[in-house]
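# Coordinate inspection notes
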Amino acid sequence: MISFKSILITGGAGFIGSHVVRRMVNNYPSTNIINLDALTYASNIKLLDDCKNKSNYKFIKQNINDFEALKALFSKYDFDSVIHLAAESHVDNSIKNPFIFAQTNIQGTLNLLEAAKQHWGNNIKNKRFYHVSTDEVFGSLTKKGCFTEKSAYDPRSPYSASKAASDHLVRSYFNTYGLPIVLSNCSNNFGPGQHREKLIPLMIKNIAEEKPLPIYGKGNNIRDWLYVEDHAHAIDLIFHKGISGETYLLGGNNEYKNLDLVYLLIKEVDSMLKRPKGSSVNLIKFVSDRLGHDYRYAIDSSKILKELNWKASTSFEVGIQKTLNYYLKK
Ligand code: NAD
């Protein structure tokens, strides 16, 4: 296990990043955790109110598209490691406006890689650059099979294409310059703190507010869901114990058809709000399918289980209950 002194976490005011920052701040009290985030519409810095007075935590508002600013921060804080989560993350937005996705996800990642490379030079012992990525880079599965570390890249949305490009850049810095990188590709996350544009919070809030529940196509698309704190745990393990140059895939082993998931949320929210059983079913509204909508994602997590002894520990039922409690209390 490598012991780091100063970790730069990008995108820490976002959904997954906030869980990663909290975990690192609490688990590594003698390590400085610097959270860099541009605070875009998707962020919520209040998620980290419980960390803001911790002596090993600092927040910096900065954009990863500003290369000179990144170089200056590396000099000032002498980061020995990076956990890179900052990204434009919503597929629908990427279909409407792909430019910002290329800018932040590709150019922004390149800026960070180059800033790290220039700062560390040949002194790469006990350094680490961890890139957090998505299983969407592998494209769409049919009913059978899973993505593995050997799956070919086949991104099908501007979002996944931008993440695929960033994955390739990260690996190129390992192969070309020997930068000590690790990379992970994860399935859909859920849990407290996710922006309302994403499926689970959107459906919970709309059911509670008796608003239409828009479902793409016939709702037959299948996603694998991982509870966000299990992802943060995996990130911690990969960051500290993963092998440089390696990629790890992880998922929750919780495959749900979108429509079935919405029915489940209707059942739970109606029951928590003491409404008659199924009374929100009539809110379901089928809408034109997402362009290029991937049919199914699923992950074979056996490498990370075997090598780092990680597997998701939160059952879907427990994770959904925590998520419902969070959104219905807000
Ligand atoms: P999010 O949209 O909730 O958070 C992204 C954060 O990045 C926000 O706080 C935003 O302000 C920040 N950011 C965006 N552009 C920036 C820029 N130019 N400079 C600095 N900060 C910027 O996203 P998330 O769901 O927490 O995802 C985090 C990472 O994990 C992303 O890289 C995403 O591709 C990856 N990922 C997400 C999932 C998922 O299901 N959410 C699954 C696998 C991988």
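All values derive from a computational prediction rather than experimental measurement. (Residues numbered from 1 in each chain as written. Predicted model: local features only at pLDDT ≥ 70, side-chain atom pairs only at ≥ 80, totals over all residues. Heavy atoms only, no water.)

This part covers the site of the ligand. Of all residues adjacent to the ligand, which total 29 residues, the nearest are Ile16, Asp37, Ser89, Tyr159 and Lys163. Here a nitrogen atom of the ligand sits 3.1 Å away from a polar atom, N or O, in the main chain of alanine 38. Within the side chain of tyrosine 159, a nitrogen or oxygen atom sits 2.7 Å from an oxygen atom of the ligand. Contact with the protein chains hides 96% of the accessible area of the ligand, taken as 830 Å² for the molecule alone. Looking at the shell around the ligand, the elements that each hand over two or more residues are helix H1 (15–27), strand E5 (128–134), helix H5 (158–177) and strand E7 (188–190). Each residue belonging to the shell around the ligand can be placed in one class, and the counts come to 13 nonpolar, 14 polar and two charged. (Near = heavy atom within 4 Å. Polar contact = N/O pair within 3.5 Å; in protein donor to acceptor, adjacent residues only side chain to side chain. Areas by Shrake-Rupley, 256 points an atom, 1.4 Å probe, with all protein chains shown as cover. Helix = DSSP H or I, 4+ residues; strand = E, 2+ residues; numbered from the N terminus. Nonpolar A, V, L, I, M, F, W, Y, C, P; charged D, E, K, R; others polar.)

Here the focus is the sheet that holds E7. Read from one edge to the other, the open sheet built from three strands follows the order E7-E9-E11, with strand pairing classed as mixed. Edge positions in the sheet fall to E7 and strand E11 (255–257), since each of these pairs with one other strand and no more. The mean angle between the axes of side-by-side strands here comes to 50 degrees, regardless of whether they run parallel or antiparallel. Direction of pairing for E7 relative to strand E9 (residues 222–227): parallel, over a ladder of three bridges. (Pairing = 2+ DSSP bridges. Axes fitted to C-alpha atoms, helices over the stretch in contact; angles between N-to-C directions.)

Right, let's talk about the side chain of threonine 314 for a bit. Of note, threonine 314 is situated in the loop between helix H9 (302–308) and helix H10 (316–329). Setting aside anything within four residues of it in sequence, one finds threonine 314 in contact with Tyr227, Asp230 and Gly319. (Contact = heavy atoms within 4.5 Å.)

A few words now on the nonpolar core. If you look at the biggest cluster of nonpolar residues, it comprises 31 residues, and the most contacted ones within it are Ile9 and Ile83. When residues of this core are traced back to their parent elements, those giving at least two are strand E1 (6–10), H1, E5, strand E6 (181–186), helix H7 (228–241), strand E10 (247–250) and H9. Sorting elements by how many residues they give to this core places H7 first, with six residues. Tyr77, Ala115, Tyr173 and Leu179 belong to the second-largest nonpolar core, a separate cluster that totals 23 residues. (Core = buried A, V, L, I, M, F, W, Y, C linked by side-chain atoms within 4.5 Å. Buried < 20%, exposed > 50% of the residue type's maximum accessible area, 1.4 Å probe, protein only.)

Our focus in this paragraph is the pairing of strand E4 (residues 81–84). One face of the sheet, then the other: side chains in a regular strand alternate in exactly this way. Burial along E4 is two-sided: the residues Ser81 and Ile83 and Val82 and His84 are all buried. In this sheet, E4 lies alongside E1 in parallel orientation, the contact comprising four bridges. By the bridge assignment, threonine 10 is partnered in E4 with histidine 84. When E4 meets E5, the two strands line up parallel, connected through four bridges. Bridging from a neighbouring strand, serine 81 pairs with arginine 128 of E5.

For the rest of this paragraph, the subject is the pattern of salt bridges. Here the structure, examined in full by the defined rule, presents 14 salt bridges. With a shortest N-O distance of 2.7 Å, arginine 296 and glutamate 255 are connected by a salt bridge. Of this pair, arginine 296 sits in the loop between strand E12 (284–287) and H9 while glutamate 255 is found in strand E11, placing the two residues 41 residues apart along the sequence. Of the residues examined, glutamate 255 reaches a relative accessible area of 37% and is grouped as partly exposed. (Salt bridge = Lys/Arg side-chain N within 4 Å of Asp/Glu carboxyl O.)

To continue, consider unusual backbone geometry. Positioned with a positive phi, asparagine 253 is a non-glycine residue whose angle comes to about 60 degrees. Relative to the elements of secondary structure, asparagine 253 occurs in the loop between E10 and E11. On the basis of relative accessible area, asparagine 253 is assigned to the exposed category, the value being 72%. The backbone of lysine 274 shows a phi angle near 55 degrees, a positive value even though the residue is not glycine.

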